[in-house]
Amino acid sequence: MAGASSESLAAALADLETTLPTASLSLARELFGILAVLDGSAGLRRALTDPSREGAEKSALVHSLLDGKASGDAVEITAKLAASRWAGARDISDALETIASTVACAVAEQGAGTASGLSGLEKLQNDLFAFNNTVEGNHELQAALTEQQASPEARRTLALRLVPGASEEARLLIGQAVSAPRGAKPTALVEKFASLAAGRQKRWIADVAVARPLSDGQLVRLQDGLNTLYGRELKINTAVEPSLVGGLRVTVGDEVLDASTVTRLGELRRQLAAQAR
């Protein structure tokens with residue numbers, strides 16, 4: 001996915017963050033259900049991605065089809081996707097699949113309760129890997145899970161027997177992968193879902209580079225400060241980088257907080273160079 005489609009998906013995922021803290025697994029199920037409707041109608045996909053139609057018109061079409069048949073959140077998420085720009089008709093379906101699986105990952109985060117959401121995501125990822133490890137080493141299972149003569153429900157039932165201790169989030173994603181692989185190998189789709197879980201894990205890990213080792217007291221203050229700043233209990237990994245000279249650099253997900261002496265000197269040099277022009 002590239003160009004306009006990539007931008008639309010990024011915007012949709014950013015917007016989704018406001019919904020995720022209170023999202024339930026039923027929302028993910030509903031979104032997967034809507035995905036099945038889109039995948040089953042090429043005409044509908046074309047209508048929702050037609051660049052000659054206004055976004056409001058395409059959004060209204062979604063509401064006319066889904067209002068009263070799905071939750072308000074599910075309908076609104078789909079309507080916003082329809083109002084966005086897409087380079088190809090299939091891209092809106094791919095985006096909805098990513099959003100639905102992201103919701104499932106977020107529910108796994110919530111499952112940790114007051115503890116770090118990292119533990120819920122780690123279990124989800126481990127469950128997904130366990131399924132793939134079982135299937136990839138057995139050619140008979142691979143054939144059974146991709147048998148087109150078998151119903152989607154039969155393939156789902158077989159797949160879930162392989163992971164009896166898996167979380168509900170993992171069972172939903174595994175079931176989706178084998179019942180509606182959408183042209184991909186089920187294990188490849190499960191791997192994609194695991195990658196999404198891994199991406200969300202980064203939100204719970206702070207990689208801290210320091211010029212010299214921190215004392216126990218400094219570590220405690222750093223932990224408290226970062227937890228307060230991000231509103232969640234982060235896992236902190238520290239690494240000593242003497243090249244920083246002083247200060248520290250904190251990386252959480254895609255965000256970098258840089259207070260190192262080297263960075264401040266670099267900024268000063270850029271300012272002086274700009275003034276000299």
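Above this text sits the structure in question.
Owing to the predicted nature of the structure, the values given are computational and were not obtained by experimental measurement.

Analysis parameters
- Residues numbered from 1 in each chain as written.
- Predicted model: local features only at pLDDT ≥ 70, side-chain atom pairs only at ≥ 80, totals over all residues.
- Heavy atoms only, no water.
- Helix = DSSP H or I, 4+ residues; strand = E, 2+ residues; numbered from the N terminus.
- Expected span 1.5 Å × (residues − 1).
- Buried < 20%, exposed > 50% of the residue type's maximum accessible area, 1.4 Å probe, protein only.
- Arc of directions from axis to C-beta.
- Contact = heavy atoms within 4.5 Å.
- Pairing = 2+ DSSP bridges.
- Phe/Tyr/Trp six-rings, centres within 6.5 Å; stacked < 30°, edge-to-face > 60°.
- Lys NZ or Arg CZ within 6 Å of the ring centre and 35° of its normal.
- Salt bridge = Lys/Arg side-chain N within 4 Å of Asp/Glu carboxyl O.

Undergrad: Please provide a residue-by-residue account of helix H1 (residues 3–16), values included.
TA: In this model H1 runs 20 Å from its N-terminal to its C-terminal C-alpha over 14 residues, within 8% of the 20 Å that 1.5 Å per residue would give. The complete set of buried residues in H1 reads Ala4, Ser5, Ser8, Leu9, Ala12 and Leu16. Down the axis of H1, the buried set is contained in an arc of 130°. They therefore lie on one face. Across H1 from its buried face, at more than 90 degrees, point the exposed residues Glu7 and Ala14. Contact partners of the buried residues in H1: helix H5 (72–83) and helix H6 (89–110).

Undergrad: Describe the pairing of strand S4 (residues 255–258), with residues and values.
TA: Of the strand pairs in this sheet, strand S3 (residues 248–252) and S4 are connected by four bridges, and their pairing is antiparallel. Across the sheet, the residue bridging to threonine 251 is valine 256, located in S4. If you look at the hairpin formed by S3 and S4, you'll find two residues sitting between the two strands, and glycine 253 has a positive phi there, around 60°.

Undergrad: Which residues make up the packing of aromatic side chains, and what are the values?
TA: For the structure on display, the rule yields one aromatic pair. The aromatic ring of tryptophan 204 is capped on one face by arginine 232, whose charged end is 5.7 Å from the ring centroid.

Undergrad: Could you give an account of the pattern of salt bridges, with specific residues and numbers?
TA: For the structure on display, the rule yields 13 salt bridges. Taking the shortest distance from any N to any O, the salt bridge between arginine 182 and aspartate 94 comes out at 3.0 Å. Taken together, the positions of arginine 182 in the loop between helix H10 (168–179) and helix H11 (186–201) and aspartate 94 in helix H6 put the pair 88 residues apart, joining distant regions of the chain. Just as arginine 182 is buried, aspartate 94 falls in that class too. The residue glutamate 109 makes a salt bridge to arginine 200 at a minimum N-O spacing of 2.4 Å. Of the two residues, glutamate 109 is situated in helix H6 and arginine 200 in helix H11; the sequence distance between them amounts to 91 residues. Comparing glutamate 109 with arginine 200 shows no difference in burial state: the two are buried.

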